[in-house]
Amino acid sequence: MTNMMRTIGASARRVAAMVLRYWYLLRGSWPRLLELAYWPTVQMIMWGFISQFMATNSTWVAQAAGVLIAAVLLWDVLFRGQLGVSLSFLEEMWSRNLGHLFVSPLRPGEWVVALMTMSLIRTLLGTLPAGLLAIPIFGYSIFDMGLPLVAFFANLIIMGWWLGLMIVALILRHGLGAESLAWVSIFLLAPVSAVYYPVSVLPGWLQAVAWSLPSAHVFEGMRALMFEGVIRWDHLGWAAGLNAAYMVLAAFIFLHFFNVARSRGALLQTGE
Amino acid sequence: MLGCRKSGGMGEGLEGRALEGDGAGQRAICSPYSLLMSQPVIKVDHLTKRFGDAASPVTAVNDISFAVPAGTVVGLLGGNGAGKTTTISMLLGLLLPTSGAIRMLGEDMLRHRHRVLTRMNFSSPYVDLPHRLTVAENLTVYGHLYGIPGVRRRVAEIAEALDVTRFLKKPVGQLSAGQKTRVALAKALLNKPEVLLLDEPTASLDPDTADWIRTYLETYRDRTGATILLASHNMLEVERLCGLVLMMRGGVIVDRGTPADLLERYGRDTLEDVFLDIARDRRSGGAEPAADRVGDAAE
């Protein structure tokens, strides 16, 4: 028991060390800190004005003020969650530090936990100011959703993590040539995530794709809460179940490509 | 352990301090004779690494075997593409071998490397520390990764020992090559490793800094009894530091022995001439195959 506690303690310390490494990087550059909150805030303001305009021209938007602001803020949770994982990983590639990291006692799983922790920190730093600013600017508080907001947030950030992990795996396999995936791949999922419109708008075959993504369930759940005032547990259940399945798949793919990288010597040759 | 003496007890460790944990305070510093009799700290058996697909494989390391006794400094010598860095990468677990076995500090590196990684470390000019982090931040992060107790104190100690205290608050990216090498060495010695693997530790350094690094490594080995494996192109460095030399060419260990043995065997005055003989495949002095000499894995 004591040995197990010691092992867990040592493991937690290594995770904390990696979080500290990324935190040092973040706090050392105010433009980076500012950039975290910049896009979510700009997006929120833009969609806020669109909402104000549409509320007078669309009965759908008028029924639930703030639905578009809530959607853009939650979409940013997914986007920032994914970027938080893949950008922290890319920092190691850019700084050619993987060789040092993986001759230290750090295990791949501990590194992944650190990447996810850092993703949570970056996402909160990015989206919280935007959420708070929406209150005085547009008179809309996303926090009025209450506890369901925690469930939406958790499901979206977990989806960001497994997406980020899959992107990390691909960059490990293909090198920095695949770096742009970190920025663009999420936008492939945006249309089928039904962020700003119901899934029913999509063609039948695309609806099937949408329902296979946790994000579509989250945004449908969000709209159900805002328009009908009901918590759709079925959507939350589907989102959580799909996230669990995709996370297992992403972990498997990551570990596979990590071992491929070890076999090909890519951990030592990760520079630009 | 005939001929060995214990060192590194209270007040005798590196920088005049007791070594911490894992029996490091009782490392053996041994005479050359007893070194041969002791258990090897590094044992490599029939190690092979091939890159590429099955149709056109490139063999970077081809069936090498060697053993490194405790407290020895071993030089891995060879030209570009000889297989030195590939060998070191496999010893560290950064690269998976195609076949063969590696035992480090008694553990199977392919299966249980995490049991010994806290007791070893590594430095290479080809692997950087994060440039935007300061020296102190880098050393602090690695101190925690290696589970060192009292990280702040240890960072201050090692910074003083390697004369990097005045750079502690500077980002690594702003340091000169010599300063970066010292910082990399500080990181490599942070956990007081029993096994230190160095890839060209003085590459691209001016003679003064290079000499300073060599002196430091000698002192570290003498005080702690650590085992050091270094890959180098610098023959003077190898002659000065290494008790054993493994000569590599085309992924194979083509010869091995003490620097004095090699000089005598090849009838040369300098190790550089021996290196050239081997690199150009000019065997002289009736050099025998490498088997059954010092450093062989088959003892």
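Quick caveat, the model's predicted, so the values are computed rather than measured.

Here we come to the interface of chain B and chain A. Taken residue by residue, the interface counts 33 residues in chain B and 31 residues in chain A. Together, the buried faces of chain B and chain A total about 3,000 Å²; carbon and sulfur atoms form 60% of this surface. When the buried area of chain B at its contact with chain A is split by residue, Leu94, His114 and Leu145 of chain B rank highest and sum to 23% of it. Counting across the interface, chain B meets chain A through 3 salt bridges. In this structure, Arg27 of chain A and Glu137 of chain B form a salt bridge, with 3.0 Å as the shortest nitrogen-oxygen distance. On the surface where chain B and chain A come into contact, there are 15 residue pairs in polar contact (both at pLDDT 80 or more). Counting only elements with at least two residues in the side of chain B that touches chain A, the list comes to strand S3 (40-51), helix H2 (84-92) and helix H4 (135-145) of chain B. Per-element tally for the side of chain B that touches chain A: the top contributor is H4 of chain B, with 7 residues. Its residues assigned to classes, the side of chain B that touches chain A shows 19 nonpolar, 8 polar and 6 charged.

Moving on: the UniProt feature "domain: ABC transmembrane type-2" (unreviewed entry) in chain A. As annotated in UniProt, the feature "domain: ABC transmembrane type-2" (unreviewed entry) corresponds to residues 31-257 of chain A in the numbering used here. Between the C-alpha atoms that bound residues 31-257 of chain A there is a distance of 33 Å. The span itself is 80% helix and 0% strand.

All names here are of chain B. With mixed pairing, the 6 strands of this open sheet are ordered in space as S8-S9-S10-S5-S11-S12. Of all strands in the sheet, those bounded by a partner on one side alone are strand S8 (120-123) and strand S12 (252-257). Between one strand axis and the next, the sheet turns through 15° on average, direction left out of account. Summarising the sheet, strand S9 (residues 195-199) and strand S10 (residues 227-232) pair through 5 bridges and their orientation is parallel. Of the residues in S10, the one forming a bridge with Val195 is Thr227. Helix H6 (residues 177-189) rests against S8 and S9 of the sheet, and its axis sits at about 170° to S8. Helix-sheet contacts for helix H9 (residues 259-266) involve strand S11 (244-249) and S12, and the interaxial angle to S12 is about 100°.

How each quantity is defined
- Residues numbered from 1 in each chain as written.
- Chains lettered and ligands numbered in written order.
- Predicted model: local features only at pLDDT ≥ 70, side-chain atom pairs only at ≥ 80, totals over all residues.
- Heavy atoms only, no water.
- Contact = heavy atoms within 4.5 Å.
- Buried area = accessible area lost by both parts, 1.4 Å probe.
- Salt bridge = Lys/Arg side-chain N within 4 Å of Asp/Glu carboxyl O.
- Polar contact = N/O pair within 3.5 Å; in protein donor to acceptor, adjacent residues only side chain to side chain.
- Helix = DSSP H or I, 4+ residues; strand = E, 2+ residues; numbered from the N terminus.
- Nonpolar A, V, L, I, M, F, W, Y, C, P; charged D, E, K, R; others polar.
- UniProt positions renumbered as here; feature names shortened; annotations may be inferred.
- Pairing = 2+ DSSP bridges.
- Axes fitted to C-alpha atoms, helices over the stretch in contact; angles between N-to-C directions.

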